[in-house]
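Each chain, written out:
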Amino acid sequence: MSLKKNLVGLSAGAMLASERLLRGRRVEFAPDRVKSVLILEYMLPLGCCVHLTPLYEAIKRSRPEVTITVATRGLGAMLLRHHRFVDSLIETPDPLTETFAAARALRAKLAERSIRPDCTFTGLSDQRTRIALMGLLAGTGWRGGYTQAPQLYQRPLERRIDLSMIDNNLRLAALVGCSQDHLEPRVFFSPADAAAMSALVKEANPDGRPLLAMVTQNSGGQSTGWHNDRFAAVIRHAHDALVCTIIYLGTASDSSAVEQLRQDAGGIGVSLAGKTSIPELAALLAISDAAVSLDTGTMHVGRAVGVPMVVIGPSWQKPLEWLPLGLPQTRILRGPDRFEVPKNYRLDEVQAPAVMEALTDLLKTYPPDALKRSERMEASTSVVVHAC
């Protein structure tokens, strides 16, 4: 039998008794005495990482004396490299594939930095048994949050379906006596990132026309794509009628699909797919005047930096969970709710004229403005540089 099955098969009492023996003391739930919080973040779709960031700010706003350490890897570390509300960032192997190695690496780095967490949290996206085991093996205090192994936690939480992903994550703040009132996500970039993206935009848009970012490729694995001919119609309208300069954003793996779309749109625009890091992507969105985006990771980064957006969302997913509802600078277009995804579905209910109308209204309501761009850039620029 695997370690995972052996550990999870134990009773909650046996688990906690074993932990007391190993640590030589009882793990006590004492929210008011918490001074150091460890957060495990290993499920790395970009949206999952972005939607956990309000938790860091919520804790810091209510209890600025509490230090926040985030253990993560890869994209998660890149996203948080300049985050103002994180005190320490630790990169480890993936506990989903190397549980013991990840726990050893985390223990070693915590000791090296003289960090002794009073509690360990996992957000809604990270409720995996191996991540919970890592918390047990590497942590020094009580554990709370979302998990498939509640017997390993002193304060497990269950997801509330009436709350968004963000607001479910913010419930963790209450475990240490902090406000769980809604906060928007934040993604930060360095002054160097801001300068590099400003230079890139100047090169792509020498005439200083309104800058429209197009996010046309989904993250893969889900039916969130749209039809190329409809995207092409929107791009031509934005270029010809709204006098926008078009830039295309995405990953390196999106490059060929983006280039095909650019050709379908008559060669309009410049592709920057695969040419930015996550912080640079955030800077580029902050300096844009607007974006048209699928419901994908880049859209969540756009939300975090406050760029006005038209979002084309899927009808098969509850909008409360992921979409930026209630934000005045966002227009969300989606079909009626459905429970099954048809074969070859590509957000068929959303037509190009509806997106054109929404974009035209968005740019009328939030006209391109150098001051607004500067404010977005300033709000998300950070001099913090975390070593992993």
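Now for a quick tour of the structure. (Residues numbered from 1 in each chain as written. Predicted model: local features only at pLDDT ≥ 70, side-chain atom pairs only at ≥ 80, totals over all residues. Heavy atoms only, no water.)

So, the pattern of salt bridges
Quick reminder of the rule: We define a salt bridge as a contact between a side-chain nitrogen of Lys or Arg and a carboxyl oxygen of Asp or Glu at a distance within 4 Å. Segments assigned H or I by DSSP are reported as helices when at least four residues long, segments assigned E as strands when at least two residues long, and all are numbered from the N terminus. Burial classes follow relative accessibility: with a 1.4 Å probe on protein chains only, a residue under 20% of its type's maximum area counts as buried, one over 50% as exposed, and anything between as partly exposed.
This model, assessed by the stated rule, comprises 14 salt bridges. The residue R61 makes a salt bridge to E57 at a minimum N-O spacing of 3.0 Å. Here R61 and its partner E57 are both found in helix 4 (residues 53–62), 4 residues apart, which amounts to about one turn of the helix. Residue class for R61 comes out exposed when judged on its relative accessible area of 58%.

As for the packing of helix 10 (residues 228–240) against helix 11 (residues 255–264)
As a reminder, the rule being used: Note on geometry: axes are lines fitted to C-alpha atoms, helical ones only across the stretch in contact, with angles between N-to-C directions running from 0 to 180 degrees. Any angle that falls under 35 degrees is termed roughly parallel, while one over 145 is termed roughly antiparallel, one within 65 to 115 roughly perpendicular, and all others oblique. Less than a right angle of anticlockwise turn of the near helix away from the far helix marks a crossing as left-handed, whereas a clockwise turn marks it as right-handed. We call two residues contacting when some pair of their heavy atoms lies within 4.5 Å. Charged residues are taken to be Asp, Glu, Lys and Arg, nonpolar residues to be Ala, Val, Leu, Ile, Met, Phe, Trp, Tyr, Cys and Pro, and polar residues to be all remaining types, Gly included.
Where helix 10 contacts helix 11, the two axes come as close as 9 Å, and the packing angle between them is 60°. As far as their axial angle goes, helix 11 and helix 10 are oblique. Note that helix 10 runs across helix 11; the crossing there is right-handed. Note on element contacts: helix 11 touches helix 10 through Q260, L261 and D264, opposite N228, F231, A232, I235 and R236. Residue classes in the contact of helix 10 with helix 11 are distributed as 4 nonpolar, 2 polar and 2 charged.

Focus on the pairing of strand 5 (residues 142–146)
How we decide: Two strands form a pair only when DSSP identifies at least two bridges running between them. By convention, orient the strands away from the viewer: a clockwise path from the first strand over the helix to the second makes the crossover right-handed.
Judged by how many residues are buried, strand 5 sits mostly within the fold: 5 of 5 residues are covered. Judged from the 4 bridges that link them, strand 4 (residues 119–122) and strand 5 form a sheet pairing that is parallel. Bridging across to strand 5, F121 finds its partner in G144. Handedness of the crossover is the feature at issue here: the chain leaves strand 4, passes through helix 7 (residues 129–138), returns alongside strand 5, and the resulting connection is right-handed. Where strand 5 lies against strand 6 (residues 155–157), 3 bridges are found, and the strand directions are parallel. In the sheet register, Y146 faces strand 6, and the bridge partner there is L157.

Let's talk about the sheet that holds strand 4
The strand order 3-2-1-4-5-6 describes an open sheet built from 6 strands, whose pairing is parallel. The open sheet terminates on both sides in strands that have one partner only, identified here as strand 3 (88–91) and strand 6. Between one strand axis and the next, the sheet turns through 20° on average, direction left out of account. Direction of pairing for strand 2 (residues 67–72) relative to strand 3: parallel, over a ladder of 4 bridges.

Details of unusual backbone geometry
Leaving glycine out, the prevailing phi sign among residues is negative, and the prevailing peptide bond configuration is trans. Phi at S114 is positive, roughly 55°, even though this residue is not glycine. Residue position: S114 is located in the loop between helix 6 (99–112) and strand 4. Accessibility expressed as a relative area gives 67% for S114, which makes it exposed. Even without glycine at this site, N344 takes up a positive phi of about 60°. Checked against the element boundaries, N344 lands in the loop between strand 12 (330–333) and helix 15 (352–365). Judged by its relative accessible area of 63%, N344 falls in the exposed class.

Section: the environment of D126
To keep it simple, the criterion reads: Think of a polar contact as two N or O atoms within 3.5 Å of one another; within protein, one of them needs to be a possible hydrogen donor and the other a possible acceptor, and neighboring residues in sequence only count if both atoms come from side chains.
By the secondary structure assignment, D126 is in the loop between strand 4 and helix 7. Looking at D126, the relative accessible area reads 3%, which means it is buried. Here the alpha-carbon distance between D126 and E321, two residues 195 residues apart in the chain, equals 16 Å. With near-sequence residues (within four places) excluded, D126 lies in contact with L40, E41, Y42, M43, I131 and Y146. Polar contacts involving the side chain of D126 include one to the main-chain amide nitrogen of M43, which spans 2.8 Å.

What about the layout of surface pockets?
Over the atoms, a rolled probe matching the size of one water molecule traces out where space is still vacant. Using the following cut-off: Put plainly, a pocket is an open set of points on a 1 Å grid over the protein atoms alone with protein on both sides within 12 Å along at least five of seven lines, a cavity is a set where a 1.4 Å probe fits but cannot get out, and a lining residue has an atom within 4 Å of a point. Grid points are joined across faces, edges and corners, and a volume is the space filled by probe spheres set on the points.
The space that makes up the second largest pocket amounts to roughly 420 Å³. Forming the boundary of the second largest pocket are 21 residues, of which V305, G306, P308, Q329 and R376 lie nearest the centre. Secondary structure elements with two or more residues in the lining of the second largest pocket: helix 13 (297–305) and helix 16 (370–380). With 5 residues, helix 16 is the largest single contributor of residues to the lining of the second largest pocket. Each residue belonging to the lining of the second largest pocket can be placed in one class, and the counts come to 9 nonpolar, 4 polar and 8 charged.

Considering the sheet that holds strand 12
Pairing is parallel across the open sheet formed by 6 strands, whose spatial order is 9-8-7-10-11-12. For this open sheet the edge positions go to strand 9 (270–271) and strand 12, each flanked by a neighbour on one side alone. Where strand 11 (residues 309–312) lies against strand 12, 4 bridges are found, and the strand directions are parallel. Bridge pairing in strand 12 places I312 opposite L333. Helix 13 rests against strand 7 (211–215), strand 8 (245–249), strand 10 (290–294) and strand 11 of the sheet, and its axis sits at about 150° to strand 11.

Some thoughts on the packing of helix 4 against helix 8 (residues 165–174)
The packing of two helices is summarised by the inter-axis angle and the distance between the axes. In the contact formed by helix 4 and helix 8, the axes pass within 8 Å of each other and the chain directions differ by 35°. Viewed along their axes, helix 4 and helix 8 form a crossing whose handedness is right-handed. Residues P54, L55, A58 and I59 of helix 4 touch helix 8, and the partners they reach there are I166, N169, L170, L172 and A173. The residue inventory of the contact of helix 4 with helix 8, partitioned by class, reads 8 nonpolar, 1 polar and no charged.

Considerations on the side chain of S380
Tracing the sequence through the fold places S380 in helix 16. We classify S380 as buried; its relative accessible area is 2%. Residues in contact with S380, not counting those within four places in the same chain, are R84, V187, F188, F189, A304 and V305.

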